[in-house]
Amino acid sequence: MGDDDIPLELTERDQWDGWVMARLDDGWCSALDRKTLLCTIYERRPMICRDYQVGDFDCIQERLQHTAARIESHVASSTAKAI
Ligand code: SF4
């Protein structure tokens, strides 16, 4: 991942043979603390993560997409149970 100093055990190769942050079964980054939702390697996080600033346009767009996806998933699950 370029000049980044990321713990290798938290990375993996993607389909284009590039290094990326590994994702766990829940689809979230392997460096994310699931309880606090904080980055466990904050000082060593990759440049792509440093480019995002909490509360900026991109951050808000991502949060809205995830929120919408979770709502859709919940509605689909609730609908399936009701049928
Ligand atoms: S800031 Fe980057 S490295 Fe840290 S948890 Fe989020 S996606 Fe993973």
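Only a predicted model underlies this, so the values are computations on that prediction, with no experimental measurement involved.

Basis of the calculations
Counting starts from 1 at the beginning of each chain's written sequence and moves along it residue by residue. Residue-level local features of this predicted model are given only where pLDDT is at least 70; pairs of side-chain atoms are given and counted only at 80 or more, and the full residue set underlies all totals for whole chains, interfaces and linings. Here a strand is any run of E in DSSP of at least two residues, a helix any run of H or I of at least four, and the numbering for each starts at the N terminus. Using C-alpha atoms as the atom set, the radius of gyration is obtained and then compared with a globule rule of 2.2 Å times the number of residues to the power 0.38. Each residue is classified by how many other C-beta atoms fall within 10 Å of its C-beta atom, where C-beta atoms are placed from the backbone; a count of 20 or more means buried, 12 or fewer means exposed, and values in between mean partly exposed. Once C-beta atoms are placed from the backbone, any two residues with those atoms within 7 Å are in contact. Boundary definitions for the domains trace back to an automatic or database domain assignment. Scored from 0 to 100, pLDDT records how confident the predictor is in each individual residue. For a helix, the expected span equals 1.5 Å multiplied by the residue count minus one.

1. Some words on the overall build of the chain
Along the chain, the regular secondary structure elements total two helices and two strands. When the helices and strands of the chain are read in sequence order from the N terminus, they spell out β-β-α-α. Its C-alpha radius of gyration of 16 Å places the chain more than 25% over the 12 Å reference for a compact globule of 83 residues. Residues classed as buried in the chain amount to 4% of the 83 residues present. In the chain, the share of contacts with a sequence separation of at least 24, taken over all contacts with a separation of at least 6, comes to 27%.

2. Looking at the environment of Cys 39
By the secondary structure assignment, Cys 39 is in the loop between β2 (19-21) and α1 (47-50). A residue is classified by how many C-beta atoms lie within 10 Å of it, and Cys 39, with 14 of them, is partly exposed. Along the primary structure Cys 39 and Cys 49 are separated by ten residues, whereas in three dimensions their C-alpha atoms are 10.0 Å apart. Setting aside its immediate chain neighbours within four residues, Cys 39 contacts Ala 31, Leu 32 and Arg 45.

3. Side note on the domain arrangement of the chain
On domain assignment, one finds that the chain holds domain 1 (1-51) and domain 2 (53-83). Here domain 1 and domain 2 have C-alpha centroids that lie 22 Å from each other.

4. A short note on the confidence of the model for the chain
Summary statistics for the chain give a mean pLDDT of 90 and a share of 98% for residues scoring 70 or more. Put simply, helix α2 (residues 57-82) is where the chain has its lowest mean pLDDT, 86, and strand β1 (residues 11-13) is where it has its highest, 96.

5. Here we look at α2
Between the first and last C-alpha of α2 there are 37 Å, a value that for 26 residues agrees with the 38 Å anticipated at 1.5 Å per step. Burial runs low along α2: only zero of the 26 residues are buried.

6. Looking at unusual backbone geometry
In this structure, Asp 17 is a non-glycine residue whose phi angle is positive, near 70°. Residue position: Asp 17 is located in the loop between β1 and β2. If you check the backbone angles, Leu 37 has positive phi at about 60° while not being a glycine. As for its placement among the helices and strands, Leu 37 is situated in the loop between β2 and α1. Classification of Leu 37 as exposed rests on a count of 8 C-beta atoms within 10 Å.

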